[in-house]
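# Summary of structural features
Here is what each chain is made of, one letter per residue.
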Amino acid sequence: MSRNRARLAAAGAAVALAVTGASGVAVADTAPAAPTGSAVVHENTTFLKDSAVNGLVVIPLPSATPSYDGTAGFSAAFPVAGGSVNLPAYYGNVQLGGGLLFINVFTGKSAVFKQLAFSADTWQLTGVPVDGTAPVALLDPAGATTVNRVGATQTLAAADLQVDAEGAQYVDAKLNTSFFKAGQSIGSFSLTFTTGS
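Quantities reported herein were computed from a predicted structural model and do not represent experimental measurements.

## Things to note about the overall build of the chain
When helices and strands are tallied, the chain shows three helices and 11 strands. Listed N to C, the secondary structure of the chain is α-β-α-β-β-β-β-β-β-β-β-β-α-β in terms of helices and strands. Relative to its full complement of 197 residues, the chain shows a buried share of 37%. For the chain, the accessible area works out to roughly 10,400 Å², and carbon and sulfur atoms hold 60% of it.

## A few points about the pairing of strand S7 (residues 109-119)
When strand S5 (residues 91-96) meets S7, the two strands line up antiparallel, connected through three bridges. Across the sheet, glutamine 95 pairs through a bridge with alanine 117, a residue of S7. Taking the residues between adjacent antiparallel strands as the criterion, strand S6 (residues 99-104) and S7 are bridged by four residues, where glycine 108 takes a positive phi near 80°. Bridge count for S7 against strand S8 (residues 124-129) is five bridges, and the pairing is antiparallel. For phenylalanine 118, the partnering residue across the bridge sits in S8 and is leucine 125. Between the end of S7 and the start of S8, which pair antiparallel, lie four residues, with tryptophan 123 showing a positive phi angle near 60°.

## Considerations on the environment of tyrosine 91
As for its placement among the helices and strands, tyrosine 91 is situated in strand S5. Taking C-alpha positions, tyrosine 91 is 8.2 Å from threonine 122, a pair spaced 31 residues apart along the chain. When sequence neighbours within four positions are dropped, the list of residues in contact with tyrosine 91 reads Val85, Asn86, Ala120 and Asp121.

## Some remarks on the packing of aromatic side chains
As enumerated under the stated definition, the model contains eight aromatic pairs in all. Relative to phenylalanine 180, the ring of phenylalanine 179 has its centre 5.1 Å away and its plane inclined at 85°; by these criteria the two rings are edge-to-face. Per residue, the accessibility class of phenylalanine 179 equals that of phenylalanine 180, and both read buried. Among the aromatic residues, those joined into a ring-pair cluster are Phe47, Phe102, Phe113, Tyr170, Phe179 and Phe180.

## What about a nonpolar patch on the surface?
A cluster of nonpolar residues, Val57, Ile59, Val105 and Phe106, forms a patch on the protein surface that exposes about 360 Å² of accessible area. Position of phenylalanine 106 among the secondary structure elements: in the loop between S6 and S7. The exposed category is assigned to phenylalanine 106, whose relative accessible area is 60%.

## A closer look at unusual backbone geometry
A cis geometry characterises the amide bond from proline 62 onward to serine 63, with omega recorded as 15°. One can find serine 63 in the loop between strand S2 (56-61) and strand S3 (65-69). Positive phi is not limited to glycine here, since tyrosine 90 has a value of about 60°. Along the chain, the position of tyrosine 90 falls in the loop between strand S4 (73-86) and S5. The exposure class assigned to tyrosine 90 is partly exposed, which follows from its relative accessible area of 47%.

## Some details on the confidence of the model for the chain
Predicted confidence across the chain gives a mean pLDDT of 88, with 85% of residues reaching 70 or more. A low-confidence stretch, residues 2-26 stays under pLDDT 50, and its non-local contacts, those more than four residues away or across chains, total one contact.

## Thoughts on the pattern of salt bridges
If you walk through the whole model with that rule in mind, you get one salt bridge. Among the salt bridges present, the one from aspartate 131 reaches lysine 174, with a minimum N-O distance of 3.3 Å. Here aspartate 131 is found in the loop between S8 and strand S9 (136-150), whereas its partner lysine 174 is found in helix H3 (residues 165-175), with 43 residues between them in sequence. With relative accessibility at 31%, the residue lysine 174 sits in the partly exposed group.

## Concerning the pairing of strand S1 (residues 36-43)
Looking at chain direction, S1 and strand S11 (residues 185-194) are connected through eight bridges and run antiparallel. Bridging from a neighbouring strand, valine 41 pairs with phenylalanine 189 of S11. Note: S1 against S4, six bridges, orientation antiparallel. When the sheet's bridge partners are listed, glutamate 43 is paired in S4 with phenylalanine 74.

Conventions used here
Residues numbered from 1 in each chain as written. Predicted model: local features only at pLDDT ≥ 70, side-chain atom pairs only at ≥ 80, totals over all residues. Heavy atoms only, no water. Helix = DSSP H or I, 4+ residues; strand = E, 2+ residues; numbered from the N terminus. Buried < 20%, exposed > 50% of the residue type's maximum accessible area, 1.4 Å probe, protein only. Areas by Shrake-Rupley, 256 points an atom, 1.4 Å probe, with all protein chains shown as cover. Pairing = 2+ DSSP bridges. Contact = heavy atoms within 4.5 Å. Phe/Tyr/Trp six-rings, centres within 6.5 Å; stacked < 30°, edge-to-face > 60°. Patch = residues over 30% accessible without salt bridge, like charges linked within 9 Å, V, L, I, M, F, W, Y side chains within 5 Å. Salt bridge = Lys/Arg side-chain N within 4 Å of Asp/Glu carboxyl O. pLDDT = per-residue confidence, 0-100.

Structure, rendered in C-alpha cells:
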C-alpha cells in the first residue's frame, strides 16, 4: 500500500472513530434521568399502641428510611425507584425502594413484602410477598386528599391511610392474627414524584 493510501485509510478510520464516539456521547447525554422522590407512610400513635398491644410490629426494610416522634408517631420514607405516573389524571405506577416486614411476636409468624409500588390506577400501595410473584394491595390513601403538579414534580397528600381488604386478609393469615381489618386507619400518606430530565 502506498503512503498516500495508508494516510487516507488512517484518516478515514479516525473520522469513523470520531463519529462513533460522538454518537455514543449523544446517546448518553439524551438518555432520560431516573425519576426521584419518595413515598412516606406515617403510622399514628393510636395504631402503634393498638398493634403493639396485639404483639404486632411493622418494620420498614432498606432502602426505606424510618423516623419516630413520640407525639406524631412512626414514619417510613420509601425512595422512588422508577415508574411513570400522572397523579392528577389517576393513572400510572411508581416503583418504590425498600420493603416491609410484619412480625407477630406472640406467634413468631412473619410476612415480608418487596417490590413496593403505588398505583394511581387503583389508588393502592402494593407489595409482592417475598415467597410470591403477584402484588398484594396493602394500603389505600383516603380521607382529605390533595394532588398537585408543578413542572416535573407531582405530589399527593392523603390525611388518612387505610388497610386494604386484600392486605388485611393476607397479613392476618400469615401472622395468625385477626388484628387487621379492611378500612382500618393507620395514619397518613404522602408521595412526591419528580420526572427525570
